[in-house]
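Inside the fold
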Amino acid sequence: MTHILNFAHSLADRYYQEGVQYEERGAVDEAMAAFQRAIRASGTHAPARLALAYHYRRLDRLDKALSHCNAALAHEASAEAYFLLGHILIAKEQFPAALDALHRCLELDPNFDRARYQIAFIYYLRGEYEVAITEFHRAAQHECEWETLFFLGECYRMTRRPAEAERVLRRALCLTSNWTQIELTRGQLFACQRLAEFPPDHVLTPKDRAYCDSGVVYLGTGADDGIAIPPYLFHNFTYADVAQTLRRLLALKEAEGWHWDAVQPVDIVSLPLALALAEHLGIGTEPRRHGTTLVVQALGETMEGMQDAMEGLADARSFCLMVCWSEEWRPDLVGIATPLVGSLPWYRTSAIPRLYASLLEREAELTVSQKPSWLDPRSPELIAADILAALKVPPPDPNLQTQLDYYRQHPRLRWR
């Protein structure tokens, strides 16, 4: 019996080594197939289990990765296995269990420095920034890498300590190894400099946060004064609201001396908005060679449309009337940003926001009927005429000069 078991393990070792050789050549599918053969030969072969767990984690197949990792630990408790287990559990947002696994990793190997970084990163993800700062410092003492200093700087920024954040991020900039890391670090350095423009006790509004975090202009709409803009859950725009946002945009354009040669819509829903702006400015909607273009999106349910439209336009600015996507990226100019999708006068979405409807269905097991989206059947030109008509009837905006002065006091816009 022992002879049979030894033979099975030797065969599994051979398949495992084949898999490693495939990995070294970049043949990932062949490597995974070899690791699976190793497990079929001997289900107790922990290295093959760990190798498969790593690849399933890379493919974001977290349950498969977790199964193989636990199977490996059942046969051989190693620091590498506990580290991988912690990494998988972080991806599954099971943070307490991930911390337990990573601490077990360090018990088995106190020099496993990557585990220290992952522990700090868990506290960062949980928003426990003070604890994360301590843990990132501890990780940096053992192995000072770009990731450690970058997220340490982020913790300082999130706790409103821009000077400390900038000091750490400048150290991180010296440890970058690719252009992505360089651009991320530079972007956060600028964010720290913008944050330093505000007193530490100043309560940041959505307008302030849009400027500090991303360096973008946040205009607001007819339901606010353009400065103390409240958080909007969603918003159903009227023509008067659209006109108020555009009025602020055009006033800022005039004050800052911005110039555009064309206004290009992202999609068919954005066409009336682009036509109205183009007619008001006396320009077209087709980008000119070597010209400057304003890319316009009326209702941003996803950011891909805007980003695709910006490709190939070297000197372009982006404007979205209502940003509804969850990602952090923002256009250069924003009307408002909402977590739920609202409506436009010429494009009405469901009266019940879709996310709210899905929550009702999940929590109360109800069937929530939603009205289909409605698009104004008139031509884009007629809709644009309605926008322009509203633009000619300005409601009171008594603090317009204050809104213009805001970007003189806070001039570090992203494109500058």
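The coordinates are above.
First, a word on scope: everything that follows refers to the structure included in this document.

Things to note about the packing of helix α6 (residues 95–108) against helix α7 (residues 113–125)
Where α6 contacts α7, the two axes come as close as 9 Å, and the packing angle between them is 160°. One finds that α6 runs roughly antiparallel with respect to α7. α6 and α7 meet at a crossing whose hand is left-handed. The segment α6 lies against α7, with Phe95, Ala98, Leu99, Leu102, His103, Cys105 and Leu106 engaging Ala115, Arg116, Gln118, Ile119, Ile122, Tyr123 and Leu125. For the contact of α6 with α7, the per-class residue count stands at 11 nonpolar, 2 polar and 1 charged.

Considering the state of the cysteines
As enumerated under the stated definition, the model contains 0 disulfides in all. Cys174 carries a free sulfur, and the closest cysteine sulfur to it, the one in Cys144, is 10 Å from it. Cysteine Cys320 shares no disulfide, and the gap to the nearest cysteine sulfur, in Cys324, comes to 7.1 Å. Classification of Cys320 by relative accessible area gives buried; the value is 0%.

As for the pattern of salt bridges
Per the stated rule, a full pass over the model turns up 19 salt bridges. With a closest N to O distance of 3.1 Å, Arg378 and Asp376 form a salt bridge. Residue Arg378 is classed as partly exposed on the basis of its relative accessible area, which comes to 33%.

With respect to the environment of His410
In this fold, His410 is placed in the segment after α18 (400–409). Taking the C-alpha atoms as reference, His410 lies 9.1 Å from Phe198; in sequence the two are 212 residues apart. Those residues in contact with His410, other than ones at most four positions away along the chain, are Glu197, Phe198 and Tyr211.

Examining the sheet that holds strand β3 (residues 293–300)
Spatially, the 5 strands line up as an open sheet ordered β1-β5-β4-β3-β2, and their pairing is parallel. Every interior strand has two partners, whereas the edge strands, β1 (217–218) and β2 (262–265), have only one. Here strand β4 (residues 316–323) pairs with strand β5 (residues 333–337) via 4 bridges, running parallel. If you follow Cys320 over to β5, its bridge partner there is Val334. Strands in contact with helix α13 (residues 239–256) are β1, β4 and β5; relative to β4, the strand with the most contacts, it is inclined by about 155°.

Things to note about the pairing of β2
In this structure, β2 lies alongside β3, joined through 4 bridges in parallel fashion. Note that in β3 the partner of Val263 across the bridge is Leu294. Handedness of the β2-helix α14 (residues 271–281)-β3 crossover: left-handed.

Observations concerning the packing of aromatic side chains
Under the defined criterion, the tally for this structure stands at 18 aromatic pairs. Aromatic pair Phe121 and Phe151: ring centres 5.0 Å apart, planes at 70°, arrangement edge-to-face. Of this pair, Phe121 sits in helix α7 while Phe151 sits in helix α9 (residues 146–158); the two residues are 30 residues apart in sequence, bridging distant segments of the chain. Overall, Phe121 belongs to the buried group, its relative accessible area being 17%. With a relative accessible area of 16%, Phe151 lands in the buried category. Ring pairing ties together the aromatic residues Tyr117, Phe121, Tyr124, Tyr129, Phe136, Trp146, Phe150 and Phe151, which thus form one cluster. If you follow Arg114 out to its NZ or CZ, it ends over the ring of Phe83, 4.8 Å from the centre. Its end group placed over the ring of Tyr406, Lys207 keeps NZ or CZ at 5.0 Å from the ring centre.

What counts and what doesn't
Residues numbered from 1 in each chain as written. Predicted model: local features only at pLDDT ≥ 70, side-chain atom pairs only at ≥ 80, totals over all residues. Heavy atoms only, no water. Axes fitted to C-alpha atoms, helices over the stretch in contact; angles between N-to-C directions. Helix = DSSP H or I, 4+ residues; strand = E, 2+ residues; numbered from the N terminus. Parallel < 35°, antiparallel > 145°, perpendicular 65-115°, else oblique. Left-handed = near helix turned anticlockwise from the far one by under 90°. Contact = heavy atoms within 4.5 Å. Nonpolar A, V, L, I, M, F, W, Y, C, P; charged D, E, K, R; others polar. Disulfide = S-S within 2.5 Å. Buried < 20%, exposed > 50% of the residue type's maximum accessible area, 1.4 Å probe, protein only. Salt bridge = Lys/Arg side-chain N within 4 Å of Asp/Glu carboxyl O. Pairing = 2+ DSSP bridges. Right-handed = clockwise from strand over helix to strand, strands pointing away. Phe/Tyr/Trp six-rings, centres within 6.5 Å; stacked < 30°, edge-to-face > 60°. Lys NZ or Arg CZ within 6 Å of the ring centre and 35° of its normal.

Keep in mind these values describe shape, not function.
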